[in-house]
Structure formats: structure tokens, C-alpha cells
Amino acid sequence: MSRWLTSDTHFGHSNILKYCSSTRPFGDLAEMHAGLIARWNERVEAEDEVIVVGDMIATRRPDHKLMVGILQMLNGRKTLVRGNHDPDTSLFMEGGFVDVVDHIWIPEDKILIIHKAPDPKWGPAELRVAQALQPKLVVHGHDHRHDTPEHAACLNVCVDRWNLGPVPWEVVLHRLPAAAQK
């Protein structure tokens, strides 16, 4: 069994193809859905744990049946850390998710998993959580830019930074010693 992290798949969001055209070379939404599902399932096995760090579905009026179908096609035991675009949590539970939470705190490693990086302009609520917990490492999504440097104490797991697929937990563990020194 392995653990994976990912964020910002934006299922159902047609404009993401324009906003992220350099990382999402798909002709239409159906092609993007198929590509993201394939890349996910190439990596993740049925018994693996997957933490989705927000913005799994990004549409104001999701096609309920289609979205539930997509969620059910994705391998793994999935937990959603709620993002700013995620609709009603019942959709995720119907789609086979184990849980939907606002953040995950791993106290033994001092790792905070939250949708937005704790930054005063992007994530003031996230900043308050981080200030209270004092993590060594913050795992987040939200930022789709694939070519910007990261702060040593943060790890962005947005699909647009990771070849449109989930990130193995080992990447988090590898980043932890450097983050602890900052």
C-alpha cells in the first residue's frame, strides 16, 4: 500500500484548458477527464491511500452523475482536503471518498496538508491554521504555475506541476529534512 497526494484536477472546468494550456494539452474536457483518470490509475493501486488537496471538481453546476462516475473510476481510498472550488461534499461521499476535511495535521512529522499555501494574500485562513500548528512542512495545491520556485517549507502537489498525476508520499518525506532547517 502506498500514499499519494494530488490537487487541482478541476474536473468539469472547461476554462482550465485555457488557463493551463501549457500543461494540459487536451482538445476538450472529455479528453482532459480521460487523460487525468489514466495518469492517476497508472500510478495508484486500488488499496493505496490518496489525499486530494482540493479543487477536485471546479464547476458551479457539476453534472452530478458524470462527476460521481469520474470519482468512482479513480483508484485508491480517497480523502478530500476541501479547496475553494469543491462543491457539496455529498458528491464526494457518493463518489467513494472516505472523508472530506478542511486540513490534515500529521503531528509526529509536523506536516500540515491544506489547500492553499499559508500566505497573507492567498490564504489568510490557511495562514492562521499554520501559525497555530507551526508545521515544518506545508503540503498544498491551488497554485497551478508549474515553473515558479517553491519555498523550502512548502510542497505544491498541483497536477500542473507533476505531469498531471499524483505525487508519491516519498517526495514529502524527502522534502521534510530541508523544510525542518528553514
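Residues numbered from 1 in each chain as written. Predicted model: local features only at pLDDT ≥ 70, side-chain atom pairs only at ≥ 80, totals over all residues. Heavy atoms only, no water.

A. Focus on the sheet that holds strand 3 (residues 77-81). Pairing is mixed in the open sheet, where 5 strands are placed in the order 4-3-2-1-9. Strands at the two margins of the open sheet, each flanked by one partner only, are strand 4 (99-101) and strand 9 (167-168). (Pairing = 2+ DSSP bridges. Helix = DSSP H or I, 4+ residues; strand = E, 2+ residues; numbered from the N terminus.)

B. Geometry of the pattern of salt bridges. Tallied over the entire structure, the rule returns 3 salt bridges. Ionic pairing is found between R3 and E49, a salt bridge with its closest N-O pair at 2.9 Å. Remark: E49 occurs in strand 2 (residues 49-52) and R3 occurs in strand 1 (residues 3-6); sequence separation between them is 46 residues. Take R3: its relative accessible area is 27%, and that puts it in the partly exposed class. E49 sits in the buried class, given a relative accessible area of 18%. Across the salt bridge formed by D160 and R24, the nearest N and O atoms sit 2.9 Å from each other. With D160 in the loop between strand 8 (154-156) and strand 9 and R24 in the loop between helix 1 (16-19) and helix 2 (29-43), the pair connects residues that are 136 residues apart, well separated along the chain. Grouping residues by exposure puts D160 and R24 together as buried. (Salt bridge = Lys/Arg side-chain N within 4 Å of Asp/Glu carboxyl O. Buried < 20%, exposed > 50% of the residue type's maximum accessible area, 1.4 Å probe, protein only.)

C. Expanded view of the environment of K65. Summarising the element assignment, K65 is placed in helix 3 (residues 64-73). Between the C-alpha atoms of K65 and L91, which are 26 residues apart in sequence, the distance is 9.2 Å.

D. Just the sheet that holds strand 5 (residues 104-106), in detail. An order of 5-6-7-8 is seen for the 4 strands of this open sheet, with the pairing classed as mixed. Every other strand in the sheet has two partners, leaving strand 5 and strand 8 as the edge strands with one partner each. Taken pair by pair, the neighbouring strands of this sheet meet at an average axis angle of 15 degrees, ignoring direction. As paired elements, strand 5 and strand 6 (residues 111-113) share 3 bridges and run antiparallel to each other. (Axes fitted to C-alpha atoms, helices over the stretch in contact; angles between N-to-C directions.)

E. Spatial organisation of the side chain of D55. Examined against the element boundaries, D55 turns out to sit in the loop between strand 2 and helix 3. Lacking a salt bridge, the buried D55 has K116 as its closest oppositely charged neighbour, with an N-O distance of 7.9 Å. Among the polar contacts made by the side chain of D55, one reaches the side chain of H115 at a distance of 3.1 Å. Once residues within four sequence positions are removed from consideration, D55 is found in contact with D8, T9, H10, G83, N84, H85, D86, H115 and H142. (Lys, Arg positive; Asp, Glu negative; His and termini not counted. Polar contact = N/O pair within 3.5 Å; in protein donor to acceptor, adjacent residues only side chain to side chain. Contact = heavy atoms within 4.5 Å.)

F. Helix 2, seen in detail. Across its 15 residues, helix 2 extends 22 Å between first and last C-alpha, which sits within 8% of the 21 Å expected from 1.5 Å per residue. Residues of helix 2 that are buried include every one of M32, H33, G35, L36, I37 and W40, and no others. Of the surrounding elements, those touching the buried residues of helix 2 are strand 1, helix 1, strand 2, helix 3 and strand 3. Measuring from the backbone nitrogen of A30 back to the side-chain oxygen at the start of helix 2 gives 3.3 Å, which picks out D28 as the cap. (Expected span 1.5 Å × (residues − 1).)

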